[in-house]
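Letter by letter, the chains look like this.
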Amino acid sequence: MQGGSSGIGYGLKYQARCISDVKADTDHTSFITGTLSLREENEVHLIRLSSGGTELICEGLFSHPNEIWDLASCPFDQRIFSTVFSTGESYGAAIWQIPELYGQLNSPQLERIASLDAHVGKINRVLWWPSGRHDKLISIDDENLFLWTLDCSKKAAQVQSKQSSGMLHYLSGGAWDPHDINAVATTCESSVQFWDLRTMKKTNAIEHAHIHNANYDMKKNHILVTAEDESGIHIWDTRKPKSPIQELPGHTHWTWAVTCNPEYDGLILSAGTDSTVNLWMAPTSIEDEAISESIAESPAQQADPLLNSYSDYEDSVYGLAWSSREPWIFASLSYDGRVVVESIKPFLSRK
Amino acid sequence: MGAEDNVPLDDKAKRMRDLLSSFYAPDPSTNNAPSNPGTLDAINTSSFDADQYMNLLIQKSNLDELLQRHVEMAAEIKNIDTDLQMLVYENYSKFISATDAIKRMKSDIVGMEANMEQLLDKIMSVQSKIQFIYDLPTRLGKCIESEAYVDAVKFYTGALPIFKAYGDSSFQDCKQASEEAISIIGKLFSDSESIQARTEAAVLLKQLDFPVDSLQVKLLEKLEQSLGDLQLKTDDIENASMESNDPKLGKVPDSVHITAHEGSIRGFAEAISAYRVIFPDSEGHLIKLAQDLVVKHFETVEQCVKGRFSCANLLVVLRTIWTDVLLMDEVLSEAVLPGFSLEAAQNALKQHVASTFNYLLHDISDALLRLNVSSKEAAEENPLQVALEASKKALLQGSMDVLLDFRQLLDDDLGLLVQLRDFVSDWVQEGFQDFFRALYDRFFLLSGRKSSSSQDQGLTAGAHGEKVLAGLVLVLSQLSVFIEQTAIPRITEEIAASFPGGGARVYENGPAFVPGVMCRIFRSAGERLLHHYINMRTQKVSTLLRKRFTTPNWVKHKEPREVHMFVDLFLQELKETTSEVKQILPQGLERKHRRSDSNGSTASSRSNQLRDDKTNRSNTHKARSQLLETHLAKLFKQKVEIFTKVERTQESVVTTAVKLCLKSLQEFVRLQTFNRSGFQQIQLDIQFLRTPLKETVEDEAAVDFLLDEVIVAASERCLDPIPLEPPILDRLIQAKLAKWKEKNPITP
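Counting starts from 1 at the beginning of each chain's written sequence and moves along it residue by residue. Here every chain gets a letter starting at A, and every ligand a number starting at 1, in the order they are written. The predicted nature of this model means local features are confined to residues of pLDDT at least 70 and side-chain atom pairs, given and counted, to a pLDDT of 80 or more, with totals for whole chains, interfaces and linings taken over all residues. By convention in this description, side-chain values take in all heavy atoms of the structure and omit both hydrogens and water.

Looking at an unreviewed UniProt entry, one finds chain B named Vacuolar protein sorting-associated protein 51 homolog and attributed to Hibiscus sabdariffa. UniProt positions are given in the numbering used here, feature names are shortened, and annotations may be inferred rather than shown by experiment. The Function (unreviewed entry) field of the UniProt record for chain B holds the comment "Acts as component of the GARP complex that is involved in retrograde transport from early and late endosomes to the trans-Golgi network (TGN)." Recorded in UniProt for chain B, the comment headed Subunit (unreviewed entry) runs: "Component of the Golgi-associated retrograde protein (GARP) complex."

Within an unreviewed UniProt entry, the label attached to chain A reads EIPR1-like beta-propeller domain-containing protein, and the organism entered is Hibiscus sabdariffa.

Right, dumping it as structure tokens:
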């Protein structure tokens, strides 16, 4: 069990799938997470890493009406976040605000700013533009892509435009390009599709099966990392959708989530249903396509792209988030409701 | 004096002439027709009878007439007389002058004798010379016929001054004929006579004062042409060796060709040496020519080694070339042909090594790809086993053949090869290194793991045109192990025994063939391919499960009536996997779970939770403490490892596949929300799976645990988790079993 003891743990009461970095909180390294329990009362936890970096402190505990399938913190307001939830029979999505004086209240209630209730199908994700203040939101359900205009002060969200993904494309998630405010990628069973939000038209597609998760490189334009069931992790240049730039083995079972480090080039985290989190070093210089081939050439001489495998988890890991404030820190969340925050500092030196 | 001219002449002149002519004429009677003596005209004839004439005249004429006749006759007589006088005078003067001449002659003739003799001599000598000139063409012809060109030229050059002096006049014909004959010598250039003959001819032509420059150029052209001829012969060797290669005997090609070739090379060499003698300043050209020949030789060799070309054949060709080179070197050492050809031979051998290994690679791929064909026909019972054995044989036997083949190169004492021995050793080792690298790439190409970015044509089409068979991947995996454990050690051994040292070059990265690295590569390839195989197999199940779980509306599921058919499909897939695995994987020795190799884990604690749930069905508010309990329990309970290291045994592979499938099943369940019936359906399906799965797998505990986990996951995702009553569960399972046995008489 390598690296087992280094992590700082935090237990949620119930099972959970999603965790998000509170990017707008520039004073602390904080994460927000929510539980997934069909029959119990669900909670949203605001967790802060203590200044010494030795323990995780619960900064806020709020009840949430339904089990949370997706959760994302607003990148420009630390008190705002979005959730996708399910009652078991139907799905919904909402934008929430953490009450200002929650520290002093006995039972603080989350304030619902807006309900994204134009959806009929199963909602998968709500996306914020990752790079800064933007009044638009994207929500994705099975069949449609919605662009919302959010007005926090008026507490209103309006559908700006909507586009159906087309027949037989059941959307499962997506990612908003941090480099292009008008570009978004959606994942479905057989491909990754790229959309231009101005026209709401498909611009491109990567035909590749079983993609669970996609993540844009924050630093490098055009680089998209995807996670798949069996075939692991692929790194794509979105301008060359025919074949990936690089391939990483991924996990023993499904690779569920994948995320690029916001600061360090080529550092990729992946979480899998084999109860591990893997840290990869995959330099993605676009010109250097020879890398993937030279791996086969001499695997013995090539440095193993796997820097570390964190395996101290008891169940599948679905939630994964880098801290944007301290980019050497990441939080992971396994299905059994355990948050583990780890520092990758020991591996940075190897770079 | 024509009679016609007489017409204007008067009678007198005529008569004069007649007289003269009668005087000189030997027989006047023939001139004059015998006239009738009875007429008056007969006076001018020889048979003239004066009395008769008189009688006749008197008889016929009267007096006047007689008188007139008399006058006439008198005048005539006078005239004749004068004429006669004239005649005599003229003849006399002629006689006088003739006498004078005789007198003069008499005095001149003295001293003539000596001159005459001199003249005779001179005439005699001229006559013999003229005879020689006249005979020259024939003689030259004869010389040429008997190929005594030297003599011919000698003769010709001897006669040349005469031809120069009198060629245009007296001896024109002879000169032409001789030149024609001599030009035959010139023609020898264009004939297919031997090079040597031509060289001789060149020497002679030089003697004949042919322009040297054009001669040189011409001869060079000839030599160049002869290069072409020599070249052709190498092609013959190729053909011959290709033919002899057909019956796979590696027979030495037709030696006739070789000797013929050697002969012509010898001629070529002689021509070169002669040429050098004639044109001392022509080395540059000759060197170029000789080198061209060597280059062409090696071009042929390189052409040859592109095909399947055994070392024995290569040896024959190289030997020929080397002989050529040595022959030419004798006469033209300035061309440094041995060094030159050494370099060329290096390239050729290198290419040969490369192409040999390339073919070996092809053979192995062919053996493997036959699997695709045979599985379509489904003719063989154990296609995987057959393919594995075939490819193993192709690999090992092929490698050994290659080594044996190259061994011949080392054993040969050909001067060329002796110098290259170390290189050959290196190349063979390098060749194996590259070969295994290429094989490794090929494996992944065939397995479909690698995108066709590595531009390997030919096979790419075959491998990507259709879906890659999972079985092929398993075969590849086994083959990798074979390579690592058997083939590479054997080859290493063989190389150590037969190809010592090498080291002609300094390697930055150590020796050329590093069996350790290769073993490592193939060990990892074997593992990767085995994993790939398992992935491919589980992926099919995964697709099945995905459909199963995403299609129905689980929240509105109806009460379970029977075990769902996806179970059949799942078991069917498993059966296929088992049958494939049984063909080529060894049986595991122990049916024991090995914990130490695990790289992932999950606690089985929550299955206890389920069992608790079974008893306390409606006790939902206990859940919180239960979760705490599970956390606590995990600390104490021994973990059941799911993702253990795959071993290369039938059981381990199947077990791993089953585990992965069940884990996927669990994950799919976790993504859904079930009503009570939906949950019960899952419970039923899983319960049914329990028995056949346990029969198939090695790690019963892990499978049991995973099956429990699926039910736990379903209950967690259930709005109203009330399991089926055991009797109903049992009844449904029995019903399914009965149906199943009906369909599959033999239980898997």
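Structure's up, so let's keep going.
Enquirer: I'd like a rundown of the overall build of chain A, residues and numbers included.
Expert: We count a stretch as a helix when DSSP gives it H or I for four or more residues in a row; a strand needs E for two or more, and each element gets its number in order from the N terminus. In terms of regular secondary structure, chain A is built from two helices and 28 strands. The cut-offs for exposure are 20% and 50% of the maximum accessible area for each residue type, with area from a 1.4 Å probe on protein chains only; residues under the lower value are buried, those over the upper are exposed, and the others partly exposed. In chain A, which comprises 351 residues, the share counted as buried stands at 62%. Whether two residues are in contact is decided by their heavy atoms, any of which lying within 4.5 Å being enough. Across chain A, every contact between residues at least 6 apart in sequence was considered, and the portion connecting residues at least 24 apart equals 48%.

Enquirer: Give a detailed account of the overall build of chain B, specifying residues and quantitative values.
Expert: Helix and strand content of chain B: 25 helices and zero strands. With 748 residues in all, chain B has 45% of them scored as buried. At a minimum sequence separation of 6, the contacts of chain B that also span at least 24 residues come to 81%. Shrake-Rupley sampling with a 1.4 Å probe provides the accessible areas, and residues are treated as covered by the protein chains on show and by no other component. As presented, chain B carries roughly 39,500 Å² of accessible surface, and 54% of it is formed by carbon and sulfur atoms.

Enquirer: Quick rundown of the sheet that holds strand β15 (residues 183-188) of chain A? Include the residues and the values.
Expert: Residues and elements named next belong to chain A. At least two DSSP bridges between two strands are required for those strands to pair. Here four strands make up an open sheet; going across it, the order is β14-β15-β16-β17 and the pairing antiparallel. Strands with a single pairing partner mark the edges of an open sheet, and in this sheet they are β14 (171-176) and β17 (201-207). Pairs of neighbouring strands in the sheet enclose a mean axial angle of 25°, with direction left out of account. Where strand β16 (residues 191-196) meets β17, six bridges bridge the pair, whose relative direction is antiparallel. Looking at the pairing, D196 lines up with K201 of β17. Axes, fitted as lines to C-alpha atoms, cover a helix only where it is in contact. Angles between the N-to-C directions of the axes lie from 0 to 180 degrees.

Enquirer: Just give me the short version of the side chain of A:Q97, but keep the residues and values in it.
Expert: All names here are of chain A. Locating Q97 in the fold gives a position in strand β8 (residues 91-97). Here Q97 falls in the buried class, since its relative accessible area comes to 12%. Not counting residues within four places of it along the chain, the set of residues in contact with Q97 comprises D77, R79, I80, L110, E111 and I113.

Enquirer: Describe a nonpolar patch on the surface, listing the residues and the values that go with them.
Expert: Judged by side-chain polarity, B:I109, B:V110, B:M112, B:M116, B:L119 and B:I123 come together as a nonpolar surface patch covering roughly 600 Å² of accessible area. Inspection of the secondary structure puts B:I123 in helix α5 (residues 112-145). To count toward a patch, a residue needs a relative accessible area over 30% and no salt bridge; like charges are then connected within 9 Å, while nonpolar side chains (Val, Leu, Ile, Met, Phe, Trp, Tyr) are connected within 5 Å. For this document, the term salt bridge refers to a Lys or Arg side-chain nitrogen within 4 Å of an Asp or Glu carboxyl oxygen.

Enquirer: Quick rundown of the state of the cysteines? Include the residues and the values.
Expert: Note on terminology: pairs of cysteine sulfur atoms within 2.5 Å are recorded as disulfides. By the definition in use, this model includes zero disulfides over all chains. Between A:C152, a free cysteine, and A:C74, which holds the nearest cysteine sulfur, the sulfur-to-sulfur gap is 6.1 Å.

Enquirer: Pulling in residues and values, what's your account of the environment of A:Q78?
Expert: Residues and elements named next belong to chain A. Within the fold, Q78 resides in the loop between β6 (67-73) and β7 (80-86). Between the C-alpha atom of Q78 and that of Q97, which follows or precedes it by 19 residues, the distance is 8.9 Å. Setting aside residues no more than four positions away along its own chain, Q78 makes contact with V22, A24, D25 and I98.

Enquirer: Could you give an account of unusual backbone geometry, naming the residues involved and the relevant values?
Expert: Residue and element names in this part refer to chain A. Positive phi is not limited to glycine here, since H222 has a value of about 75°. Positioned with a positive phi, S275 is a non-glycine residue whose angle comes to about 65°. The exposure class of S275 is buried, given its relative accessible area of 2%.

Enquirer: Account for the packing of helix α14 (residues 383-411) of chain B against helix α15 (residues 415-446) of chain B, naming residues and giving values.
Expert: Residue and element names in this part refer to chain B. As a packed pair, α14 and α15 sit with axes 9 Å apart at the nearest point and diverge in direction by 165°. Taken as axis vectors, α14 and α15 run roughly antiparallel relative to one another. Viewed along their axes, α14 and α15 form a crossing whose handedness is right-handed. Side by side, α14 and α15 meet where L395, S399, L403, F406, L409, L410 and D411 of the first sit next to L417, R421, V424, S425, V428, F432, F435, F436 and L439 of the second. Three residue categories are used. Nonpolar comprises Ala, Val, Leu, Ile, Met, Phe, Trp, Tyr, Cys and Pro, charged comprises Asp, Glu, Lys and Arg, and polar comprises the others, including Gly. Taken together, the residues of the contact of α14 with α15 break down into twelve nonpolar, two polar and two charged. An angle counts as roughly parallel when it lies under 35 degrees, as roughly antiparallel when it exceeds 145, as roughly perpendicular when it falls between 65 and 115, and as oblique in every other case. A crossing counts as left-handed when the near helix is turned anticlockwise from the far one by less than a right angle, and as right-handed when that turn is clockwise.

Enquirer: Provide a residue-level description of the UniProt feature "coiled-coil region" (unreviewed entry) in chain B, including the pertinent values.
Expert: Sites flagged by UniProt as "coiled-coil region" (unreviewed entry) map to residues 102-129 of chain B. As annotated, residues 102-129 of chain B comprises 89% helix and 0% strand, and the C-alpha atoms at either end are separated by 39 Å.

Enquirer: An account of the sheet that holds strand β23 (residues 267-272) of chain A is needed here, citing residue identities and associated values.
Expert: Residues and elements named next belong to chain A. The antiparallel open sheet is built from four strands, whose spatial order is β22-β23-β24-β25. The sheet is open, and its two edges are formed by β22 (255-260) and β25 (306-310), each paired on a single side. Strand-to-strand, the axes of this sheet are offset by a mean angle of 20°, without reference to chain direction. Here four bridges tie strand β24 (residues 276-281) to β25, and the two strands are oriented antiparallel to one another. Across the sheet, N278 pairs through a bridge with S309, a residue of β25.

Enquirer: Would you mind going over the side chain of A:R17 in detail, with residue names and values included?
Expert: Looking at the secondary structure, you find A:R17 in strand β2 (residues 16-21). Under the convention used here, Asp and Glu are negative, Lys and Arg are positive, and both His and the chain ends fall outside the count. Buried charge without a partner: A:R17 forms no salt bridge, and the closest opposite charge is B:E667, 4.9 Å away. Apart from the residues lying within four places of it in its own chain, the contact partners of A:R17 are A:G34, A:L36, A:W69, A:W256, A:Y318, A:G319, A:L333, A:Y335, B:R670 and B:L671.

Enquirer: I'd like to hear about helix α3 (residues 50-60) of chain B, residue by residue, with values.
Expert: Residue and element names in this part refer to chain B. All of the buried residues in α3 are Y53, L56 and L57. Down the axis, α3 shows its buried residues gathered within 100° of arc, on one side only. For α3, the exposed residues set more than 90 degrees away from the buried face come down to D51 and Q59. Contacts made by the buried residues of α3 are with α4 (63-108). It is the directions from the helix axis to the C-beta atoms whose arc is reported.

Enquirer: Outline the UniProt feature "repeat: WD" (unreviewed entry) in chain A, supporting the account with residue identities and numerical values.
Expert: The positions that UniProt labels "repeat: WD" (unreviewed entry) are, in the present scheme, residues 248-280 of chain A. Structurally, residues 248-280 of chain A is divided into 0% helix and 55% strand, and its ends, taken at the C-alpha atoms, are 8 Å apart.

Enquirer: Explain the packing of helix α12 (residues 311-331) of chain B against α14(B) to me, and be specific about the residues and the numbers.
Expert: Residue and element names in this part refer to chain B. Following both chains from N to C, one finds α12 and α14 inclined at 25°, their axes separated by 8 Å at the closest point. In this view, α12 runs roughly parallel relative to α14, as classed from their interaxial angle. Crossing of α12 over α14 shows right-handed handedness. Facing C311, A312, L314 and L315 of α12, the residues of α14 in contact are D405, F406, Q408 and L409. Across the contact of α12 with α14, the residue classes break down as six nonpolar, one polar and one charged.

Enquirer: I'd like to hear about the pattern of salt bridges, residue by residue, with values.
Expert: Residues and elements named next belong to chain B. In this structure the tally under the stated criterion is 28 salt bridges over all chains. R537 is paired through a salt bridge with E580; the nearest N and O atoms lie 2.8 Å apart. Taken together, the positions of R537 in helix α18 (residues 515-550) and E580 in helix α19 (residues 566-584) put the pair 43 residues apart, joining distant regions of the chain. In this structure, R537 and E580 share a single accessibility class: buried. When the shortest N-O distance is used, the salt bridge between K736 and D568 registers 2.8 Å. Placement of the pair is K736 in helix α25 (residues 726-743) and D568 in helix α19, with a sequence separation of 168 residues. For K736, a relative accessible area of 10% translates into the label buried.

Enquirer: Break down the packing of aromatic side chains for me, with residues and values.
Expert: Two aromatic rings, taken as a pair, are described by how far apart their centres are and by the angle between their planes. Working definition: a ring pair exists when centres of Phe, Tyr or Trp rings (six-membered ring for Trp) sit within 6.5 Å. Plane angles under 30 degrees give stacked, over 60 give edge-to-face, the rest tilted. In the structure shown here, the tally under the stated rule is 24 aromatic pairs over all chains. An angle of 70° between the planes, with centres 4.8 Å apart, marks the rings of A:W254 and B:F668 as edge-to-face. One end of the pair, A:W254, is in the loop between β21 (246-248) and β22; the other, B:F668, is in helix α22 (residues 650-670), on a second chain. Between B:W554 and B:F674 the ring centres are 5.0 Å apart and the planes differ by 70°, which places this aromatic pair in the edge-to-face class. Taken together, the positions of B:W554 in the loop between α18 and α19 and B:F674 in the loop between α22 and α23 (676-696) put the pair 120 residues apart, joining distant regions of the chain.

Enquirer: Give me the pairing of strand β1 (residues 8-11) of chain A: which residues, what numbers.
Expert: Residue and element names in this part refer to chain A. Burial along β1 is one-sided: the face carrying I8 and Y10 is buried and the face carrying G9 and G11 is not. When β1 meets strand β28 (residues 338-343), the two strands line up antiparallel, connected through four bridges. If you follow I8 over to β28, its bridge partner there is V341.

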